[in-house]
Amino acid sequence: MAASRGLTFFAARGLPCPEDKGRFKMQSNDLKGLTEEALPAIAAADAASLEELRVSLLGKNGNVTMLLKSLSGMDPEARKTAGAAINHVKTQISAAISARRAALDTQALAQKLAAERIDVTQPPRPDYLGAIHPLSRTQEELAAIFGAMGFAIKDGPDIESGWHNFSALNIPSHHPARAMMDTFYLASGGVLRTHTSPVQIRTMLDWAKNEGLGASPAPIRIVVPGRVFRSDYDATHSPNFHQCEGLVIGEGIHLGHLKGCLRDFLGAYFGVPELPVRLRSSYFPFTEPSMEVDIAWNRKTGEIGGGTDWLEIGGSGMVHANVLANCGIDPRRFQGFAFGVGLERITMLKHGMPDLRLFFESDVRWLRHYGFAALTPASLHEGI
Ligand code: PHE
């Protein structure tokens, strides 16, 4: 038996001392001393020490329990007064413990609520923010510009038939123009589309089939941003790159419309009003006449719209009569223009990017540098 400190109540009555268990053994065992000692200890306890106090006071060998047990050794008269007094103390202590526990619970809940509160006004952590790839951004910008000009956005499959990619575009199989593009041929007989122009064919066929001829005077006005593939790889060529095709078909559409459309589009995209655009005579099998599209720039500084140099950014022309006829559209009634621009090309020019290959290397440092904030969508109102 451990030496008990001040078990005066037991000693005074010649009773066996309870075992001295628990860290919070009370110093006093007379009722008054016990109460005076226990109540402030309870009021100051934290959750863990409160439980230890409860055990040492009211547990199996607790001071109060031992006092109650001691009643059996008393004569009836003494037992009556002592019993009432001990029970009063027990009630007091129990009530104090319950009150303290409730206070601690409330405090703990308040702390938890404060600690776990989510501040919805905090900005997202920039380290974990993704960015919009420059090519996606360019496509969004084209959608905003051409959307405002009344164009619809179309897409088509990456794997095309030779007919859609070549023949219907007036490039027959024996035609040397096929050699202009380093085509990926598939074992299935299809090709990976070498340009977005086959979507011209798909759109015209759909219109001729579904809407019928002679509907509205300007039945087709589309742009086709999308992936294209050629077997080519160096600093300015990638086997997978992107183009945006444009196609307008209607009655009385002429070359002036083509030039006006390109000027509006390129001026808006590069943010240079009155950007000089030059149409330079060229050859594509699916347009007649055909023209390369050049914009003015300064070769030394890279400034778009400044200087006296010209930079090629795409091809264009009036849709060839054979192409209209291949799609079931009467070329004597309908005319149109088409153009195609390289999306990497115009993105590199706009943002001063030197190497095309980095577009596809998923280098996070490059993406962080050239990427766009996800929460600022392209719009004409904000200025593209
Ligand atoms: N499809 C052509 C190319 O990839 C570009 C082009 C499109 C030219 C439309 C004229 C008209 O080179």
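The coordinates are above.
Residues numbered from 1 in each chain as written. Predicted model: local features only at pLDDT ≥ 70, side-chain atom pairs only at ≥ 80, totals over all residues. Heavy atoms only, no water.

A. Quick peek at the nonpolar core. Of all hydrophobic cores here, the largest spans 39 residues; its most connected members are Phe265, Leu266, Phe270 and Ile295. In terms of residue count, the dominant contributor to this core is helix α9 (residues 255-270) (seven residues). For Ile295, the residues in contact, after removing those within four places along its chain, are Leu266, Phe270, Leu275, Pro276, Val277, Ile304, Asp309, Trp310, Leu311, Ile313 and Leu349. Phe166, Met204, Leu247 and Leu324 belong to the second largest nonpolar core, which has 25 residues in total. (Core = buried A, V, L, I, M, F, W, Y, C linked by side-chain atoms within 4.5 Å. Buried < 20%, exposed > 50% of the residue type's maximum accessible area, 1.4 Å probe, protein only. Helix = DSSP H or I, 4+ residues; strand = E, 2+ residues; numbered from the N terminus. Contact = heavy atoms within 4.5 Å.)

B. Just helix α5 (residues 76-115), in detail. Its 40 residues place the ends of α5 57 Å apart at the C-alpha level, agreeing with the 58 Å of an ideal helix rising 1.5 Å per residue. Every buried residue belonging to α5 is among Ala82, Gly83, Ile86, Val89, Ile93, Ala96, Ile97 and Leu104, and all of these are buried. (Expected span 1.5 Å × (residues − 1).)

C. How the structure looks around the site of the ligand. Around the ligand, 14 residues are found, and the nearest of them are His195, Ser197, Arg230, Gln243 and Glu245. Arg230 is positioned such that a nitrogen or oxygen atom in its side chain is 3.0 Å from an oxygen atom of the ligand. A distance of 2.9 Å is found between an oxygen atom of the ligand and a side-chain nitrogen or oxygen belonging to Gln243. Mapped onto the shell around the ligand, the elements with two or more residues apiece are β6 (240-250), β9 (309-319) and β10 (335-342). Element by element, the count of residues in the shell around the ligand is highest for β10, at three residues. (Near = heavy atom within 4 Å. Polar contact = N/O pair within 3.5 Å; in protein donor to acceptor, adjacent residues only side chain to side chain.)

D. The arrangement of the sheet that holds β6 in detail. Here seven strands make up an open sheet; going across it, the order is β2-β5-β6-β10-β9-β8-β7 and the pairing mixed. One side of each edge strand has no neighbouring strand; the edge strands of this open sheet are β2 (152-153) and β7 (277-284). In the sheet, β2 pairs with strand β5 (residues 220-229) via two bridges, with the strands oriented parallel. Looking across to β5, one finds that Ala152 is bridged to Ile222. (Pairing = 2+ DSSP bridges.)

E. Local environment of the pattern of salt bridges. This model, assessed by the stated rule, comprises 15 salt bridges. Here Arg263 makes a salt bridge to Glu274, at a shortest N to O gap of 3.4 Å. Of this pair, Arg263 sits in helix α9 while Glu274 sits in the loop between α9 and β7; the two residues are eleven residues apart in sequence, bridging distant segments of the chain. With relative accessibility at 34%, the residue Arg263 sits in the partly exposed group. A salt bridge links Asp330 to Arg332, with the nearest nitrogen and oxygen atoms 3.3 Å apart. Residue classification places Asp330 among the partly exposed residues on the basis of a relative accessible area of 28%. Residues participating in the shared-partner salt-bridge network are Arg278, Arg280, Asp294 and Glu312. (Salt bridge = Lys/Arg side-chain N within 4 Å of Asp/Glu carboxyl O.)

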